[in-house]
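Okay, here's what each chain looks like letter by letter:
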Amino acid sequence: MYSTVIVDRLMREQKKNGSDLAEYIFGDRRHTVRHLIREGANPTSEMLEKVAEFLNVSIDELFGRTNPHAGD
């Protein structure tokens, strides 16, 4: 399941906020993206791609999936 905890952590680490994300996705800081970062969110695949791109991570990372054997 998509993890809002991970998105929240990444945004804090990168010193980004919901307005930054809204501007990136919609081109307008006035839009709200609270629905993307609240518990129980169910964003579309298109929206997940944009969030992952904004945070410079893979979609798998937004789901908390990692590959412990990567780079072997």
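Each remark here, short or long, concerns the structure printed above.
Chemist: Help me understand helix H2 (residues 18-26), please; the structure alone is not making it clear to me.
Modeler: The α-helix winds at 3.6 residues per turn, so residues separated by three or four positions along the chain end up facing the same way. The complete set of buried residues in H2 reads Leu21, Ala22 and Ile25. Buried positions in H2, seen along its axis, are confined to an arc of 100° and lie on one side of it. For H2, the elements touching its buried residues are helix H1 (4-13) and helix H3 (45-55). Taking the backbone nitrogen of serine 19 as reference, a side-chain oxygen 2.9 Å away marks asparagine 17 as the first, capping residue of H2. Where H2 ends, the next residue or the one after it, glycine 27, has phi of about 75°, a positive value.

Chemist: Where do I start with unusual backbone geometry in this structure?
Modeler: Backbone geometry places lysine 15, a non-glycine residue, at a positive phi of 55°. Its place among the elements puts lysine 15 in the loop between H1 and H2. Judged by relative accessible area, which is 74%, lysine 15 ranks as exposed.

Chemist: What should I look at first to understand the packing of aromatic side chains in this one?
Modeler: When we look at a pair of aromatic rings, we describe it by the centre distance and by the angle of the planes. Evaluation of the coordinates by the stated rule reveals one aromatic pair. Ring centres of tyrosine 24 and phenylalanine 54 lie 5.4 Å apart, and the angle between their planes is 50°; on these two criteria the pair is classed as tilted. Placement of the pair is tyrosine 24 in helix H2 and phenylalanine 54 in helix H3, with a sequence separation of 30 residues. Phenylalanine 54 gets classed as buried once you look at its relative accessible area, which sits at 9%. Taking the ring centre of phenylalanine 54 as reference, the NZ or CZ of lysine 16 above it sits at 4.5 Å. One cation-aromatic arrangement involves arginine 65 over phenylalanine 63; the distance from NZ or CZ to the ring centre is 4.6 Å.

Chemist: Help me out: how do you make sense of the side chain of aspartate 28 in this one?
Modeler: Considering the arrangement of structural elements, one finds aspartate 28 in the loop between H2 and H3. Not counting residues within four places of it along the chain, the set of residues in contact with aspartate 28 comprises Ala22 and Glu23.

Chemist: It is not clear to me how the nonpolar core should be interpreted in this structure. Could you clarify?
Modeler: Note on soluble globular proteins: their nonpolar side chains tend to be buried together. Core analysis: the largest hydrophobic core is formed by 17 residues, its most contacted members being Val7, Leu10, Leu21, Val51, Leu55, Val57 and Leu62. Those elements that provide at least two residues to this core are H1, H2 and H3. The leading source of residues in this core is H3, at six residues. If near-sequence neighbours (up to four positions away) are discounted, valine 57 is found in contact with Leu10, Ala52 and Leu62.

Thresholds, definitions, all that
- Residues numbered from 1 in each chain as written.
- Predicted model: local features only at pLDDT ≥ 70, side-chain atom pairs only at ≥ 80, totals over all residues.
- Heavy atoms only, no water.
- Buried < 20%, exposed > 50% of the residue type's maximum accessible area, 1.4 Å probe, protein only.
- Helix = DSSP H or I, 4+ residues; strand = E, 2+ residues; numbered from the N terminus.
- Arc of directions from axis to C-beta.
- Contact = heavy atoms within 4.5 Å.
- Polar contact = N/O pair within 3.5 Å; in protein donor to acceptor, adjacent residues only side chain to side chain.
- Phe/Tyr/Trp six-rings, centres within 6.5 Å; stacked < 30°, edge-to-face > 60°.
- Lys NZ or Arg CZ within 6 Å of the ring centre and 35° of its normal.
- Core = buried A, V, L, I, M, F, W, Y, C linked by side-chain atoms within 4.5 Å.

Purely geometric stuff here, so don't read any function into it on its own.
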